[in-house]
Amino acid sequence: MMRVLLPASPGRAAAAALGLAMLAALGGCGGGATPLTFDLAALPGQPRAGGAARALVVSEPVGLQPMEADRIIVRERGGSLSFLGGGQWADRLPRLIQTRIIQSLENTGRLRSVSRPGDKIPSEYLLVSEIREFDIDSGSGEAVVDLSAKLIAEGSGRVVNARVFTARVPVPKVDAQTAATGLDAALSQVLGDLVRWVNSGR
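Residues numbered from 1 in each chain as written. Predicted model: local features only at pLDDT ≥ 70, side-chain atom pairs only at ≥ 80, totals over all residues. Heavy atoms only, no water.

- An unreviewed UniProt entry lists the chain under the name Cholesterol transport system auxiliary component, with Methylorubrum rhodinum as the source organism.

Below, the structure is given as structure tokens:
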């Protein structure tokens, strides 16, 4: 299992970029097995008639540079981050999470429309979020998803509400398959809470 350690300090952007470049270089070396590709699931939902007649735009979540990649992250004891060898996400993590948020909200049938900023669809609210954690905590043996979200009124730019959503799911070991399964389960809990929060109008 190959890992490339990244600096724990978020202010070391240049060093983090170097770590990503090192990972790409190592990935290009011959002899390594092709990493498995894992997806994240949207909530299936049960569409209901008579939902809120609101339209929502969902921005792509932001996060520290390691979160911008398509790699599975392990948080080591002491706070350093590493990429877990043998697996990767089906897309860049922020774009993948954005897609699953949109699909989960759409699947409830409670909103008039759910779109991306580039879709140019008129909306009343903008949902912005930050990926604070999306990794395997090797110290506690848990998959951790921590997402902060804000609902912003499109007309005034006023923050209508804000909340942090967190889920932790135990993982029996740290390998690509187990890590991806645990993180998918943790994200499912976060998506459930997020969807209920958005649809509650608060």
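Picking up after the structure, the text goes on.
**Description of the packing of helix α2 (residues 93-108) against helix α3 (residues 176-200)**
Then step 1. Where α2 contacts α3, the axes come no closer than 10 Å and their chain directions differ by 55 degrees. Comparing the axis directions of α2 and α3 gives the class oblique. The interaxial crossing formed by α2 with α3 has right-handed handedness. Within the contact between the two elements, α2 uses Arg 100, Ile 101, Ser 104, Leu 105 and Thr 108 and α3 uses Leu 191, Leu 194, Val 195, Val 198 and Asn 199. (Axes fitted to C-alpha atoms, helices over the stretch in contact; angles between N-to-C directions. Helix = DSSP H or I, 4+ residues; strand = E, 2+ residues; numbered from the N terminus. Parallel < 35°, antiparallel > 145°, perpendicular 65-115°, else oblique. Left-handed = near helix turned anticlockwise from the far one by under 90°. Contact = heavy atoms within 4.5 Å.)

**Quick notes on the packing of aromatic side chains**
Then step 1. Here the structure, examined in full by the defined rule, presents two aromatic pairs.
Then step 2. Look at Trp 89 and Phe 134: their rings are 5.9 Å apart centre to centre, the planes differ by 80 degrees, and that puts the pair in the edge-to-face class. Placement of the pair is Trp 89 in strand β6 (residues 81-89) and Phe 134 in strand β8 (residues 125-137), with a sequence separation of 45 residues. (Phe/Tyr/Trp six-rings, centres within 6.5 Å; stacked < 30°, edge-to-face > 60°.)

**Regarding the pattern of salt bridges**
Then step 1. Scanning all chains against the criterion turns up twelve salt bridges.
Then step 2. In this structure, Glu 68 and Arg 92 form a salt bridge, with 2.8 Å as the shortest nitrogen-oxygen distance. Of this pair, Glu 68 sits in the loop between β4 (62-63) and β5 (71-75) while Arg 92 sits in the loop between β6 and α2, and the two are 24 residues apart along the sequence.
Then step 3. What makes Glu 68 partly exposed here is its relative accessible area of 28%.
Then step 4. Residue classification places Arg 92 among the partly exposed residues on the basis of a relative accessible area of 25%.
Then step 5. Between Asp 137 and Arg 168 there is a salt bridge; the shortest N-O distance is 3.4 Å. A residue pair is termed long-range when its members are at least 10 positions apart, and Asp 137 in strand β8 and Arg 168 in strand β10 (residues 159-170) qualify at 31 residues.
Then step 6. Residue Asp 137 is classed as buried on the basis of its relative accessible area, which comes to 18%.
Then step 7. Each member of the salt-bridge network shares a partner with another, and the members are Glu 60, Glu 68 and Arg 92. (Salt bridge = Lys/Arg side-chain N within 4 Å of Asp/Glu carboxyl O. Buried < 20%, exposed > 50% of the residue type's maximum accessible area, 1.4 Å probe, protein only.)

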